[in-house]
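Chain by chain, the residues run as shown.
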Amino acid sequence: MSIPQSGGGPIERFEQLAEYMASGCKPKDQWRIGTEHEKFGWLTATRAPLPYAGDASISTLFQQLESRYGWTPLREGDNVIGLTRNGANISLEPGGQFELSGAALPNMHDVAAELQTHFDEVASIATPLGIRFMGIGAAPEWGHDTMPVMPKGRYRLMTGYMQSVGTHGTQMMYRTSTTQVNLDYASEADMVKKLRVSLALQPVATALFASSPFFDGKPNGHKSWRSRIWRDLDATRTGMLPWAFEEGMGFQRYVDWVLDVPMYFVYRDGAYINALGQSFRDFLKGELPALPGEKPTLSDWADHMTTVFPEARVKKYIEMRGADCGDQAHINALPAFWVGLMYDQTALDAAWDLVKGLDADTREGLRVAASVSALQGEANGVKLADLARAAVGLSHAGLAARGLGEETYLAPLVTSLKAGRVQADRWLELYNGDWGGDLSRIYEAASL
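Residues numbered from 1 in each chain as written. Predicted model: local features only at pLDDT ≥ 70, side-chain atom pairs only at ≥ 80, totals over all residues. Heavy atoms only, no water.

Asks: What is the right way to look at the overall build of the protein chain in this model?
Replies: If you tally the helices and strands in the protein chain, you get 17 helices and 17 strands. What you see for the protein chain is a C-alpha radius of gyration of 21 Å, in line with the 22 Å of a compact globule of 448 residues. Viewed in the frame of its principal axes, the protein chain has a C-alpha envelope of about 65 × 55 × 40 Å. When the 448 residues of the protein chain are sorted by exposure, 59% land in the buried category. If you take every contact in the protein chain between residues at least 6 apart in sequence, the share linking residues at least 24 apart comes to 74%. (Helix = DSSP H or I, 4+ residues; strand = E, 2+ residues; numbered from the N terminus. Rg over C-alpha atoms; globule rule 2.2 N^0.38 Å. Buried < 20%, exposed > 50% of the residue type's maximum accessible area, 1.4 Å probe, protein only. Contact = heavy atoms within 4.5 Å.)

Asks: Teacher, can you tell me more about the layout of surface pockets here?
Replies: Gaps between atoms show up when a probe of the same size as a water molecule is rolled over them. There is about 830 Å³ of room inside the largest pocket. Forming the walls of the largest pocket are 41 residues, and the residues nearest its centre are E36, N182, K315, Y317 and E319. For the lining of the largest pocket, the secondary structure elements donating two or more residues are β1 (33-43), β4 (88-92), β5 (98-101), β7 (178-183), α7 (225-230) and β15 (318-324). Looking at side-chain class alone, the lining of the largest pocket contains 12 nonpolar, 15 polar and 14 charged residues. (1 Å grid on protein atoms, 1.4 Å probe; cavity = no way out; pocket = protein on both sides within 12 Å on 5 of 7 lines; lining within 4 Å. Points joined across faces, edges and corners; volume = space filled by probe spheres on them. Nonpolar A, V, L, I, M, F, W, Y, C, P; charged D, E, K, R; others polar.)

Asks: Can you help me understand the packing of aromatic side chains in this one?
Replies: How two aromatic rings sit relative to each other is set out by the distance from centre to centre and by the angle between their planes. Per the stated rule, a full pass over the model turns up 18 aromatic pairs. Pairing W42 with Y443 gives two aromatic rings, centres 5.3 Å apart and planes at 55°, and the pair type is tilted. Placement of the pair is W42 in strand β1 and Y443 in helix α17 (residues 441-445), with a sequence separation of 401 residues. The exposure class assigned to W42 is buried, which follows from its relative accessible area of 5%. Between the NZ or CZ atom of K194 and the centre of the ring of W31, over which it lies, the distance is 3.6 Å. (Phe/Tyr/Trp six-rings, centres within 6.5 Å; stacked < 30°, edge-to-face > 60°. Lys NZ or Arg CZ within 6 Å of the ring centre and 35° of its normal.)

Asks: Could you clarify how one ought to interpret the nonpolar core in this entry?
Replies: Across soluble globular proteins, nonpolar side chains show a tendency to be buried alongside one another. Counting residues in each nonpolar core, the largest one holds 143 residues, and the members touching the most others are F98, Y254, W301 and W338. Ranked by residues supplied to this core, first place goes to helix α6 (residues 188-208) with 11 residues. (Core = buried A, V, L, I, M, F, W, Y, C linked by side-chain atoms within 4.5 Å.)

Asks: What should I look at first to understand the pattern of salt bridges in this one?
Replies: Side chains that differ in charge, positive against negative, can pair when their charged atoms come close. Under the criterion given, the structure shown has 26 salt bridges. The salt bridge partner of D190 is K194, with a shortest N-O separation of 2.9 Å. Here D190 pairs with K194, and both are found in helix α6, just four residues apart, close to one helical turn. Residue D190 is classed as buried on the basis of its relative accessible area of 11%. Judged by its relative accessible area of 1%, K194 falls in the buried class. In this structure, the salt-bridge partner of E406 is R402, at a minimum N-O distance of 2.6 Å. Assessed through its relative accessible area of 0%, E406 is described here as buried. One network of salt bridges, in which partners are shared, links R313, K315, E319 and R321. (Salt bridge = Lys/Arg side-chain N within 4 Å of Asp/Glu carboxyl O.)

Asks: Would you mind going over the packing of helix α11 (residues 328-342) against helix α12 (residues 345-355) with me for this structure?
Replies: Describing two packed helices takes the angle between their axes plus the distance from one axis to the other. Two elements in contact, α11 and α12, have axes whose closest approach is 6 Å; the angle formed by their N-to-C orientations is 95°. Classed by the angle they form, the pair α11 and α12 counts as roughly perpendicular. Residue-level contacts link G340, L341 and M342 of α11 to A347, L348 and A351 of α12. For the contact of α11 with α12, the residue count by class is five nonpolar, one polar and no charged. (Axes fitted to C-alpha atoms, helices over the stretch in contact; angles between N-to-C directions. Parallel < 35°, antiparallel > 145°, perpendicular 65-115°, else oblique.)

Asks: Whenever I open this one, unusual backbone geometry confuses me. Can you help?
Replies: In this structure, D216 is a non-glycine residue whose phi angle is positive, near 55°. The residue N380 is not glycine, and still its phi comes out positive at about 50°. Within the secondary structure, N380 sits in the loop between β16 (378-379) and β17 (382-383). By relative accessible area, N380 is classed as exposed at 60%.

Asks: Where do I start with the packing of α6 against α12 in this structure?
Replies: Where α6 meets α12, the closest approach of the two axes is 10 Å, and the angle between their N-to-C directions is 50°. The orientation of α6 relative to α12 falls into the category oblique. Relative to α12, α6 is oriented so that their crossing is left-handed. Only L348, D349, A351, W352 and V355 of α12 make contact with α6, whose side of the interface consists of D190, K193, K194, R196, V197, A200 and L201. Taken together, the residues that form the contact of α6 with α12 break down as seven nonpolar, no polar and five charged. (Left-handed = near helix turned anticlockwise from the far one by under 90°.)

Asks: What exactly am I supposed to notice about the pairing of strand β12 (residues 271-274) here?
Replies: Regular strands have side chains that alternate between both faces of the sheet. Bridge count between strand β11 (residues 265-268) and β12: four bridges; the pairing is antiparallel. Residue pairing for β12: F265 is matched across the bridge by N274. (Pairing = 2+ DSSP bridges.)

Below, the structure is given as structure tokens:
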């Protein structure tokens, strides 16, 4: 989840909304890679989720990361709710998922080094406290009532609203973890092509990175329960954006969709003001019930853009959102996969050729199939294993063309394609075999 946005003056012209997105356009030599991953902390003595406060807690981790490694705290009221350093942020998801939002970096080697530094710093503090972390798409055993609640006003507002608009919203907030990558675009046309390719291939990412076959203490019938949750969360702000494939797609079309998504909040003076279900279009006219007579700033618009959750999201860059969190190799593999496809024009053009014939029903069918069956899934005659094999091949070629040796980070995906099995399949085999149905074994198996 995003931290509050800052900067940007009042919105005086409607065109500023699309111009905000257009301001993200960059020449290729300035394209960067931003990777985010969420992970569950747990206490080794009890296998309970990591609380916010106490001796062995998120607060203690924050305090020691600040004092020992030079991170700067971000506060909401009296509580530290995040840290920042050199363009990177550490933040909290609603159930205490510990998230690194990495700096914008030029290549995969720098991304991997940043991740290793993060793991090393966190482990140096967490291990003596009896804290470990696991890379997995959904909490395998913890029930909703077990999860800690982070002291963030945004999450308090969202929790009640999620329960009123869908059936799985609070599960997403408190009991799932993902890995995401943020990538740049050069122009409006480049954004459109990259968004279409990334939407069409999100089911491939869901399949390759599926790691959430357990929930509420047992197998849940899906390889990616996290992906399943997103299908019944809030239809107004999620999904595969079929209109993005229609003629006329561009910055303004995306803006129009975001404007039609109901608001969550307005952030003022360190506090979240309840604007649940209200309209940003009314806000533009100075008619928002939560702030009558007041008009929004560009920061308000940037905040509102963080409250839409499609499978691929546009802000000043494109964010790929379809993958479960996994082990360290998979956390690195996700940005490598998308960089190979998006940052080499030959690979991007070939990827578009690969998916442009898929209709909306097939794309949605693949999304469902990926959550249920991962690489064994198919829809309308399109097999995810075949699509994944082709996409990883194009990504490998795209990375090789960059000439930096980044294709090595695709290794776990190549292994999965050769075996026809992903992490969820391996864990299910262990659960039904060596573990004898003892799900407590997952904590060690998924530890980072």
